[in-house]
Amino acid sequence: MNSAAIDALPLLPFFLPASGGQRYCLLHLPPPGRSARGGIIYVHPFAEELNKSRHVAAAQARAFAALGYSVLQIDLFGCGDSSGDFGEARWDIWHNDLHLACAWLAQRVDGPLSVWGLRLGALLALDFASRAPLPLARLLLWQPETDGRRSIDRFLRLRLAASMLAGGTQEAPGHARAALAQGESVEVAGYLLAPELALAIDGVSAAALPPSVPIYWLDYQAPEQAGAPLPPLVRHWREQGAAVHVASFGDGPFWHSGELLACPQLLAATRTLCRDWLDEERTPP
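Worth saying up front: this structure is predicted, and the values here are computed from it rather than measured.

Visitor: Please give an account of the environment of D147 that cites residues and values.
Guide: With respect to the helices and strands, D147 occurs in the loop between β6 (138-142) and α5 (148-166). The spatial distance from the C-alpha of D147 to the C-alpha of D202 is 7.6 Å, given a sequence separation of 55 residues. Setting aside its immediate chain neighbours within four residues, D147 contacts L123, V204 and S205. Here R150 takes part through its backbone nitrogen, which lies 2.8 Å from a polar atom of the side chain of D147.

Laid out in structure tokens, this is it:
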């Protein structure tokens, strides 16, 4: 299917009623007249990375739809165009949103459900899969965050960097962490981070979430990193008997890039890595 045909695939934007308001969703559908082979739920990354990566996620969703999958992109509570402010977001609310998305898609699609996450969305997908109320076929993890505390620390460094660039009195390292520990929200790059959300993310580690379904893992490797060894977590999971398929891409870190990156290598690597299920013929009834 050529790019023009892929761009013309059916797309249904809608608001899904949910606790605390509604969630903005985009449903990418297979070509007209073709029944879906399964469903894929996309879990977006954290804070501004959501906006930086929308175009790449949409391109991949269209590619999945062209291969016969119904793909649901959902803005979690307090994110994007969904109800709530970011400062009101909570990890358990996001879990409930994914439960809602899976249940909604499962009612409309025959075939296996997969969850695909980017960055912190990949860690959320792993955490969700460990207690998912519906059976999942697989997880696709793009550049996954593997340690919640390190993820929050990296996010808080944006606040420290902004303080340094602004001049004047610089914020002391550890100040934001101390404020969160005292139950105070902190603002980072225009996002109000609640201590409840930070504490919940701090407590999530992929090492404590051994997968029970096949994992498809893609991460960015700069040219000088070519041939880098497998991530330690991947080796650990494989030693535990998990099926973990790994590939890399070289387009760049599009989730925080100052320019929009098209990421053709990532899309091609995803297609190749996932060929065992993307190329499967639909089992006849």
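So that's the structure; there's more coming.
Visitor: Could you give an account of helix α9 (residues 264-273), with specific residues and numbers?
Guide: Every buried residue belonging to α9 is among L266, A269, T270 and L273, and all of these are buried. End-on view of α9: buried residues confined to an arc of 100°, all on one side of the axis. At its buried positions, α9 is contacted by α2 (48-66), β6, β9 (215-220), β10 (244-249) and α10 (275-278).

Visitor: Go over the packing of aromatic side chains, please, and point to the residues and values.
Guide: Under the criterion given, the structure shown has 18 aromatic pairs. Seen from their ring centres, F86 and Y191 are 5.1 Å apart, and the 75° between their planes marks the pair as edge-to-face. Remark: Y191 occurs in strand β8 (residues 191-193) and F86 occurs in the loop between β4 (69-74) and α3 (91-106); sequence separation between them is 105 residues. Per residue, the accessibility class of F86 equals that of Y191, and both read buried. Measuring from centroid to centroid gives 6.0 Å for W217 and W237, while their planes differ by 80°, and the two rings are edge-to-face. Taken as a pair, W217 in strand β9 and W237 in helix α8 (residues 232-239) lie far apart in primary sequence, 20 residues in all. Assessed through its relative accessible area of 4%, W217 is described here as buried. One aromatic cluster is present, built from ring pairs that chain together Y42, F64, Y69, W116, W142, Y216, Y220, F249, F254, W255 and W277.

Visitor: Which residues make up the pairing of strand β3 (residues 38-43), and what values go with them?
Guide: Burial of β3 is extensive: 6 of the 6 residues sit out of reach of the surface. Burial along β3 is two-sided: G38, I40 and Y42 facing one way and G39, I41 and V43 facing the other are all buried. Across 5 bridges, the pairing between β3 and β4 is parallel. In the sheet register, I41 faces β4, and the bridge partner there is L72. Between β3 and its parallel partner β4, the chain crosses via α2, and the hand of that crossover is right-handed. Relative to strand β5 (residues 113-118), β3 is paired through 5 bridges, and the arrangement is parallel. Paired with V43 across the strands is G117, a residue of β5.

Conventions and cut-offs
- Residues numbered from 1 in each chain as written.
- Predicted model: local features only at pLDDT ≥ 70, side-chain atom pairs only at ≥ 80, totals over all residues.
- Heavy atoms only, no water.
- Helix = DSSP H or I, 4+ residues; strand = E, 2+ residues; numbered from the N terminus.
- Contact = heavy atoms within 4.5 Å.
- Polar contact = N/O pair within 3.5 Å; in protein donor to acceptor, adjacent residues only side chain to side chain.
- Buried < 20%, exposed > 50% of the residue type's maximum accessible area, 1.4 Å probe, protein only.
- Arc of directions from axis to C-beta.
- Phe/Tyr/Trp six-rings, centres within 6.5 Å; stacked < 30°, edge-to-face > 60°.
- Pairing = 2+ DSSP bridges.
- Right-handed = clockwise from strand over helix to strand, strands pointing away.

Take it as geometry only, folks, not as evidence of what the structure does.
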